[in-house]
Structure formats: structure tokens, C-alpha cells
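# Fold and geometry: a report
The chain contents come next:
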Amino acid sequence: MSLGPQSIPESAWFKSSYSGGNTTECLEAAVTPSSVLVRDSKLVKSPVVVIRADAWRCLVNGLLNESQLLP
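Residues numbered from 1 in each chain as written. Predicted model: local features only at pLDDT ≥ 70, side-chain atom pairs only at ≥ 80, totals over all residues. Heavy atoms only, no water.

## Description of the sheet that holds strand β3 (residues 35-40)
Going by this rule: A pair of strands is considered paired only if DSSP assigns at least 2 bridges between the two. Under the scheme used here, helices are H or I runs from DSSP no shorter than 4 residues and strands are E runs no shorter than 2 residues, and both carry numbers assigned from the N terminus.
Read from one edge to the other, the open sheet built from four strands follows the order β1-β2-β3-β4, with strand pairing classed as antiparallel. Taken across any chain shown, the strands that pair with only one partner, and hence form the sheet edges, are β1 (14-15) and β4 (49-52). Across two bridges, β1 lies against strand β2 (residues 27-31) in antiparallel orientation. If you follow Lys15 over to β2, its bridge partner there is Glu28.

## A closer look at the pattern of salt bridges
Should the charged atoms of two oppositely charged side chains come close, the side chains can pair. Stated precisely, the cut-off is as follows: Within this document, salt bridges are pairs made up of a side-chain nitrogen of Lys or Arg and a carboxyl oxygen of Asp or Glu, the two lying within 4 Å of each other. In this scheme, a residue with accessible area under 20% of its type's maximum is buried, one over 50% is exposed, and one in between is partly exposed, where area comes from a 1.4 Å probe on protein chains only.
Tallied over the full model, the rule gives three salt bridges. Arg39 is paired through a salt bridge with Glu28; the nearest N and O atoms lie 2.8 Å apart. Here Arg39 is found in strand β3, whereas its partner Glu28 is found in strand β2, with 11 residues between them in sequence. Taking the relative accessible area as the measure of exposure, Glu28 reaches 12% and is therefore buried. Ionic pairing is found between Lys42 and Asp40, a salt bridge with its closest N-O pair at 2.9 Å. According to the relative accessible area criterion, Lys42 is partly exposed, its value standing at 45%.

## Description of the packing of aromatic side chains
For the record, the criterion: Any two of the Phe, Tyr and Trp rings considered here, Trp counted by its six-membered ring, make a pair once their centres fall within 6.5 Å; the pair's planes then place it as stacked at under 30 degrees, edge-to-face at over 60, or tilted in between. Either the NZ atom of lysine or the CZ atom of arginine qualifies as a charge over a ring when it sits within 6 Å of the ring centre and within 35 degrees of the ring normal.
A full pass over the atoms with the stated rule returns zero aromatic pairs. In this arrangement the basic side chain of Arg39 is found over the ring face of Trp13, its NZ or CZ atom lying 3.9 Å from the centre.

## Considering the environment of Arg39
We apply this condition: Contacts are assigned to residue pairs with any non-hydrogen atoms lying within 4.5 Å of each other. Any pair of N or O atoms that falls within 3.5 Å is considered a polar contact. Within protein, one atom must be able to donate a hydrogen and the other to accept it, and sequence-neighbouring residues count only if both atoms are side-chain atoms.
By relative accessible area, which is 5% here, Arg39 ends up buried. For Arg39 and Cys26, which are 13 residues apart along the polypeptide, the C-alpha to C-alpha distance reads 8.8 Å. Non-local contacts of Arg39, meaning those with residues more than four positions away in its chain, are made with Glu10, Trp13, Cys26, Leu27, Glu28, Val44 and Val48. In terms of polar contacts, Arg39 uses its side chain to reach the side chain of Glu28, at 2.8 Å.

## Observations concerning the pairing of β3
Among the six residues that make up β3, five are buried, leaving the element largely enclosed by the rest of the structure. Taken together, the five bridges between β2 and β3 define a ladder with antiparallel strand orientation. In the strand pairing of β3, Val31 is matched with Val36. The sheet contact formed by β3 and β4 spans four bridges and is antiparallel. Paired with Ser35 across the two strands is Arg52, which belongs to β4.

Any functional reading would require information beyond the geometric quantities listed.
Quick look at the structure:
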């Protein structure tokens, strides 16, 4: 059972390779054993979206399958 938000070291956070050079539109993610955390890179003290690992896998697989359908 979780006892509340866990502190994630700043070194664990990474930006998407699709973020580009525009620092006004970036998300960062951190991977834990049971979830993927997502936050706004400009507001690192703001709330974090927690996505269960199985839900993240479904999202990524869905995106990969969808991209194969594009012309």
C-alpha cells in the first residue's frame, strides 16, 4: 500500500525527444517500478500525473498501432 507521494530525484526526470528547442511546451517523465510520472517541465513543483505501468503500456502500444495505420 502506498503511503503517499514519493520523492523522485531530479535526475530521474527526462524530457521527450519530441520536445524540441521550444521550452514553452515541454513535458517531463520519470519511470518508477509501478508507474510513469508526468509533469510540466516549467512548473516542476506543480502536481504530477501518475499513470500506472500497465496503463502506460496500453497507451504506448495503442499509439504505435495507430501510427502503423497512417499513410
